[in-house]
Amino acid sequence: MPSDPRPDPPPFAPLAAGGADAPSGDGSPPEASAEETLRRLLLGDDHDAALDRVVRNELPPPEMDPRAVARVLPEAVLWRETEDHALGDALAGPIERGLKASVERNPQPVVDAIFPIIGPAIRRSIQHAMAQSLESVNQSVNYGLSWRGLKWRMEARRSGLSFGEVVLRHTLQYRVEEVLLVHRETGLLLKHVVASGVPGAGEDGDLVSAMLTAVRQFVGDSFSVDEGDALDTIEVGDLNVWIEPGPRAILAAVIRGHPPEAYRQRLKAACESIHSRLGDALTTFTGETAPFDAAGSVLEDLLDAEYAETPARGLSPKLLVLLLLALGLAAWGGYRWWDARSRESAYVEALDATPGLDVLRTDREGGRLVVVGARDPLAPDPATLLAPAGLDADDVDARWVTAFSTDTSVVARRAAEAFGTPPGVRLRAGADGTVRASGAREDTSWVARAREILPLVPGVRRLDVSGLRDDIDAARSGVETFSLQFDESGAVPPDAALADARTRIARLDAAAGERRQRLTLEVTGHTDDLGTPDANAALGLARARAVAAALESEVENLDVRTLSRGAQDALANGPHPPSRRVTFRVLR
């Protein structure tokens, strides 16, 4: 084999005493040491700067393959968790912040996830609390509505205890408050059940199991006892702890009072049942307590209680009576409340329906109905509406302010009083402020006065009298009650009296024309009894004809005919001017 033509590299020599760059003894350039040569080969010419970056920890991180990390991450997490809890402590903060951010962003996924757990738990908790509360009330009523219960209440007040605690002290024989299943070898708590209604119980189950194991070990180590004579009872005040040891587990029952000896047989049977059902789990126990949830029903069967007097199950008769009485009082109170509100509502509705009254607000103060509203001076007194609604003045605090109502009926009444309309005229107000008059046009003197004061009447803007008509009955009455007087022997009617007759008959003629009626006007002449009957009859007829001739050309809807009664209807004997007259009668 041919030899390598390259010369052998110089051997590595130790650094000179003066350092890597120390000059040689003869002044020539120093030879590089072996370390220096290796440093230059690895780091290149810029090796000093590279070393500085290493010292300052400024080297770029090595590239890592995410897939390789993913393959080892699960195993690494499991291994780390078996070593200590540092990984869990490190992840607690990020997980909490991530969960909080997720809930703030969209809580529905978290709600959906925990609903199957939280919903049943809340329902069971509510049901348990209500059953416990009902049972407590039931027993309090049982023992409270009696002479003995009153004595116990006095004792509770003197001693500072609650009434329930005093009742329990006098009536309880024994009650199993807690039952614990403890692993015999490790002393760890496997299962723990607590009776309902026991305050503070179940909060330190792990501590109780640890103390129980320590006490048993202390007794076993400190005293010379046989294996079969292990500690089986501990007394602490009113509490007894009965212990039933098994090959791999220990049952402990925390009992208040003094149970019968037969209860120990139940403990023994329960311990044997648990060893029979869960023997494998007890033998291979490594700290996981979930398999022992199956022992819960066995332990709950040991939660027993016995009273000197057996408490009534369900509702006691006394409580039932109280409940019925309370329901009756509630029903009566509800009816009274409903009746009062109904009467008040009826009163408020009546106020709203009354023209001139406007209810602005209703409230209640001091048990009284408060009504705040506006009242027109023409509106009826609101107090008159109290009695029909079944109320009196003490039930209502009415606070009215005076204001002019815009209700059309009130505006019409206000206008009628202000205008002074005659009895035959009716006023009707519209929403636009127009007041329309209708009825007889017998006296229209009020119209001019109404137009003068129109701006001063609240709610009235305009007066419309186009609806006034001559009243045919009034016009007929005005004609028939009028008599035209003549001189002593004359047949010519006086001008003043004839003018009055023309006015009345013209009104009657217009009223008949408006109603498209044709009437007959009968004109009758009269005299006193100074002349002969024939002369008086002729004079009366002459007077009637003279009046008819003066009127007949001015009427269009009246048929005029004349008659004479002479002195037959004379108003007095002898010369009598009022008997010298012409009368009128209207025939349809």
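The notes below deal with the structure included here. If you're wondering where the values come from, they're calculated on a predicted model, not measured in any experiment. Within every chain, residues take consecutive numbers counted from 1 along the sequence as written. Given that this is a predicted model, residues contribute local features only at a pLDDT of at least 70 and side-chain atom pairs are listed and counted only at 80 or more, while totals for whole chains, interfaces and linings are drawn from all residues. Only hydrogens and water are set aside; all other atoms, that is, all heavy atoms of the structure, feed into the side-chain values.

The next thing to look at is the nonpolar core. For our purposes a nonpolar core is just a set of buried Ala, Val, Leu, Ile, Met, Phe, Trp, Tyr and Cys residues, chained together by side-chain atoms within 4.5 Å. Buried means the residue's accessible area, taken with a 1.4 Å probe over protein chains only, is under 20% of the maximum for its type, while exposed means over 50%, and partly exposed covers the values in between. Counting 27 residues, the largest nonpolar core has Leu484, Ile505, Leu508, Leu521, Val523, Val547 and Phe584 as its most contacted members. For this core, the element with the most residues is helix α15 (residues 495-514), which contributes seven residues. Think of it this way: any DSSP run of H or I at least four residues long counts as a helix, any run of E at least two long counts as a strand, and we number them from the N terminus.

With that out of the way, let us pick up α15. Because an α-helix completes one turn every 3.6 residues, residues spaced three or four positions apart along the sequence face the same direction. One less than the residue count of a helix, multiplied by 1.5 Å, gives the span that helix is expected to have. Relative to the 28 Å expected for 20 residues at 1.5 Å per residue, α15 spans 28 Å between its end C-alpha atoms, a close match to the ideal helical length. Within the span of α15, buried status applies to Ala497, Leu498, Ala501, Ile505, Leu508, Asp509, Ala511 and Ala512. Summarising the axial view, the buried residues of α15 lie within an arc of 160°, below the 170-degree limit, and thus occupy one face. Opposite the packed face of α15, turned more than 90 degrees from it, sit the exposed residues Asp495 and Ala496. Check the buried side of α15 and you find it contacts α14 (472-480), β13 (483-485), β14 (519-526), α16 (533-552), β15 (558-566) and β16 (581-587). The first or second residue beyond α15 is Arg516, which carries a positive phi of 55°. Relevant arc is that of directions from the helix axis to the C-beta atoms, nothing else. Two residues qualify as a contact provided that any one of their heavy atoms is within 4.5 Å of a heavy atom in the partner residue.

Moving on, we come to the pairing of strand β4 (residues 239-245). For β4, the tally of buried residues reaches five of seven residues, placing the bulk of the element in the interior. At least two bridges found by DSSP between two strands are what make those strands a pair. As paired elements, strand β3 (residues 233-236) and β4 share four bridges and run antiparallel to each other. Note that in β4 the partner of Thr233 across the bridge is Trp242. Counting the residues in the hairpin turn of β3 and β4 gives two residues, including Gly237, whose phi is positive at 60°. Here β4 runs beside strand β5 (residues 249-257); their pairing, made up of seven bridges, is antiparallel.

Take helix α9 (residues 262-283) next. Between its first and last C-alpha, α9 extends 29 Å over 22 residues, near the 32 Å set by a 1.5 Å rise per residue. Of all the bends in α9, the largest measures some 70° and sits at Arg277. Turning to α9, its buried residues number three or more, namely Tyr263, Arg264, Leu267, Ala270, Cys271, Ile274, His275, Leu278, Gly279 and Leu282. One axis fitted to the seven residues ending at a residue, another fitted to the seven starting there: the angle between these axes is the bend at that residue.

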